[in-house]
Amino acid sequence: MKGNKKYTIFRLGRYMLQYKWLLLLALFLTIGSNLFSLIGPMLSGYAIDAIEPGFQKVEFEKVFYYIILMIGFYIVSSFLSYLLSILMIYISRKVVYRMRKDVFDNLLMLPVGYFDTHQTGDIISCISYDIDTVNTSLSSDLVQIFATIITVIGAFSMMIVISPRLVLVFLFTVPLSMFLTKKITKRTRPLFKNRSKKLGELNGFIEEMISGQKTLKAYDQEENTIHKFDDKNKEAVDAYYKAEYYGSVTGPTVNFINNLSLSLISVFGALLYLVGQMSVGNISSFVLYSRKFSGPINEAANIISEFQSALAAAERVFQLMDEKPEPFDKAEAKELEEIAGNVEIKDVSFGYQKDNIIIHNLNLNAQQGKLVAVVGPTGAGKTTFINLLMRFYDVNDGNIYVDKNNIYDVTRKSLRKSYAMVLQDTWLFEGTIFENIAYGKENATMEEVVAAAKAAKIHSFIKRLPNGYHTILSDDGTNISKGQKQLLTIARAMLLDSHMLILDEATSNVDTRTEVQIQHAMRKLMEHKTCFVIAHRLSTIQNADVILVVNHGEIVEQGTHKELLKKQGFYYQLYKAQFE
């Protein structure tokens, strides 16, 4: 079942098994390293037995022989451990690379609605922090777990060979260790999951506050924001403390039980020596093997708390990976080709939640080459109208047609490529101005980019820059003004060979005079193409072929600017409110 521990381990295992031959090599290195290490205590016992009380009774040749063998075995064991560490780092890097790629690929397949309802900072935290936590666990903890299993089995076998009676001590201490570890682990796993969640919330809050610095300062909210951050930070730190506190209890608890077993072994071993049942060398070897037996168990207890953190992080990663992608196109969906640009909306109803319908029985017929303006008060459904045209959301009822093709019977890719779109929220990436304008058109030439920039009234500004069209824009274009960013995105849309254009408040950050110039340039550029414009400033849409007046999700009026003013209806009131 998704979201539980077994499912998460199963998913991690699937990623690891993609590199099964490397894992098999790692297993052989682990076995070899630990076997060579396990021979040491046995040789130590032989060396001790070669030392007898009394003058000139020490067999130095045997002692040095076993010492040299011990050093040799430990050197080989250390070398194999070194190779193992390098190999596991390589495997974990491969696994994490694949995991991060799969998460990002899935993100690009998610519907727009997912990003409308999830914090960006939390998503980033999942891709970066959570996957890094998994990486750390795979590169180190997994090796120690393998080594622990082999060492414990090997040491236990050697202790049985030396003295089966002393092994009975572990019949009491090992079950006690397992019981306590299971109890503590059951309590810590939700704490580690909560830690990852709180850190994601903190990152989301930080991302929001950094992106809204100007608004924050304009409203004098620094002190209030600091208090909010303190609360979020305290929640994250408290979650971290609780997880680490209860997780760290495991190690000392198991260590206490192991020390108890060592004490019992020493006492019973001494008694067996007194009755002549064991030699000093055998007692020494048994004690060393008991340390090798209990030591890894103690390490494993410490690893378990770290592994719980990795499992909690992996669970968040797999939850993001398992989010439902945008519905696939129908099997018989066709490509939109030779588009004229006739758009028809019939009886469309839509709501972001099924029980809250915001668009009711919407009807529209936008003919080829017409400039269609959509106006209305805030919350009237203007941007939702665009989301439906682009199939960012699917309608609840009704149908939308492009050139008499139902958009639900064509591929999303061909539908969206038939539109060029400029949003109110501009988006530029780190790269040259040329690359940003040519973003949507493969193999665009400099002449085409310059022509689009001239049409968008941004060419003269670009030429004044030190490197012109080869000027590097920093992250999201922070080294240019907001209006200039918007003009660049408009130039990007103008460059596309699309038959329809959508401008969603696209000129809200430029002055009125420039906006009028852009409208004239676009009218010339968009001949024989259909253009949808959402605008608040009614002065910029007076030349539209048809103006749709939207209110409460319905088209209440439609017509040209002059026709709507003559009606003295809702549009007249909006116009009057802006200019009087």
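Scroll up to find the structure this text is about.
Notes on the structure follow. (Residues numbered from 1 in each chain as written. Predicted model: local features only at pLDDT ≥ 70, side-chain atom pairs only at ≥ 80, totals over all residues. Heavy atoms only, no water.)

**A short note on the overall build of the protein chain**
- The helix and strand tally for the protein chain stands at 19 helices and 12 strands.
- In the protein chain, which comprises 580 residues, the proportion classed as buried is 44%.
- Restricting to contacts in the protein chain with at least 6 residues of sequence separation, those with at least 24 account for 78%.
- Total accessible area on the protein chain is roughly 31200 Å²; 58% of this is exposed by carbon and sulfur atoms. (Helix = DSSP H or I, 4+ residues; strand = E, 2+ residues; numbered from the N terminus. Buried < 20%, exposed > 50% of the residue type's maximum accessible area, 1.4 Å probe, protein only. Contact = heavy atoms within 4.5 Å. Areas by Shrake-Rupley, 256 points an atom, 1.4 Å probe, with all protein chains shown as cover.)

**Examining the packing of helix α14 (residues 446-455) against helix α16 (residues 482-495)**
- Packing of α14 against α16 brings their axes to within 8 Å, and their N-to-C directions diverge by 125 degrees. With respect to their mutual orientation, α14 and α16 come out oblique. Crossing of α14 against α16: the hand is right-handed. Here Glu 448, Val 449, Ala 452, Ala 453 and Ala 455 of α14 lie close against α16, whose contacting residues are Ala 491, Met 494 and Leu 495. (Axes fitted to C-alpha atoms, helices over the stretch in contact; angles between N-to-C directions. Parallel < 35°, antiparallel > 145°, perpendicular 65-115°, else oblique. Left-handed = near helix turned anticlockwise from the far one by under 90°.)

**Notes on the nonpolar core**
- By size, the foremost hydrophobic cluster in this structure holds 43 residues, and its most contacted members are Ile 437, Ile 458, Ile 462, Tyr 469, Leu 488 and Ile 547.
- With sequence-adjacent residues up to four places away left out, Ile 462 is seen in contact with Ile 433, Ile 437, Ala 453, Gly 468, Tyr 469 and Leu 488. (Core = buried A, V, L, I, M, F, W, Y, C linked by side-chain atoms within 4.5 Å.)

**Brief notes about helix α1 (residues 5-17)**
- In this model, α1 (13 residues) spans 18 Å end to end at C-alpha, consistent with the 18 Å of a helix rising 1.5 Å per residue.
- Within the span of α1, buried status applies to Tyr 7, Thr 8, Arg 11, Leu 12, Tyr 15 and Met 16. (Expected span 1.5 Å × (residues − 1).)

**A short note on helix α11 (residues 382-389)**
- Within α11, seven of the eight residues are buried, which leaves it mostly tucked inside the rest of the structure.
- When α11 is considered as a whole, its buried residues turn out to be Lys 382, Thr 384, Phe 385, Ile 386, Asn 387, Leu 388 and Leu 389.
- Arg 391 sits one or two positions beyond α11 and adopts a positive phi of about 60 degrees.

**What about the packing of aromatic side chains?**
- Going through the model one piece at a time under the given rule, you end up with six aromatic pairs.
- Each ring, one from Phe 385 and one from Phe 532, has its centre 6.1 Å from the other, and the planes form 65 degrees; the classification is edge-to-face. With Phe 385 in helix α11 and Phe 532 in strand β10 (residues 530-534), this pair connects stretches of sequence that are 147 residues apart.
- By relative accessible area, Phe 385 is classed as buried at 4%. (Phe/Tyr/Trp six-rings, centres within 6.5 Å; stacked < 30°, edge-to-face > 60°.)

**A few points about the sheet that holds strand β5 (residues 405-406)**
- Sheet architecture is open: four strands sit in the order β2-β1-β4-β5, paired in antiparallel fashion. Every other strand in the sheet has two partners, leaving β2 (359-366) and β5 as the edge strands with one partner each.
- Here strand β1 (residues 343-350) runs beside β2; their pairing, made up of five bridges, is antiparallel. Paired with Phe 350 across the strands is Ile 359, a residue of β2. (Pairing = 2+ DSSP bridges.)

**With respect to the pairing of β1**
- The pairing of β1 with strand β4 (residues 397-402) spans five bridges and is classified as antiparallel. Paired with Lys 346 across the two strands is Asn 399, which belongs to β4.

**Re a nonpolar patch on the surface**
- A grouping of Val 267, Phe 268, Leu 271, Tyr 273, Leu 274, Val 275 and Val 280 is seen on the molecular surface, where their side chains present a nonpolar patch of about 700 Å² in accessible area.
- The element best represented in the nonpolar patch is helix α9 (residues 222-274), accounting for five residues.
- Of note, Val 275 is situated in the loop between α9 and α10 (280-321). (Patch = residues over 30% accessible without salt bridge, like charges linked within 9 Å, V, L, I, M, F, W, Y side chains within 5 Å. Salt bridge = Lys/Arg side-chain N within 4 Å of Asp/Glu carboxyl O.)

**Here's the deal with unusual backbone geometry**
- Of note in this structure, Asp 403 is not a glycine but carries a positive phi near 50 degrees.
- Residue position: Asp 403 is located in the loop between β4 and β5.
- Here the phi dihedral of Lys 457 falls at roughly 65 degrees; this positive angle occurs in a residue that is not glycine.
- Position of Lys 457 among the secondary structure elements: in the loop between α14 and α15 (459-464).

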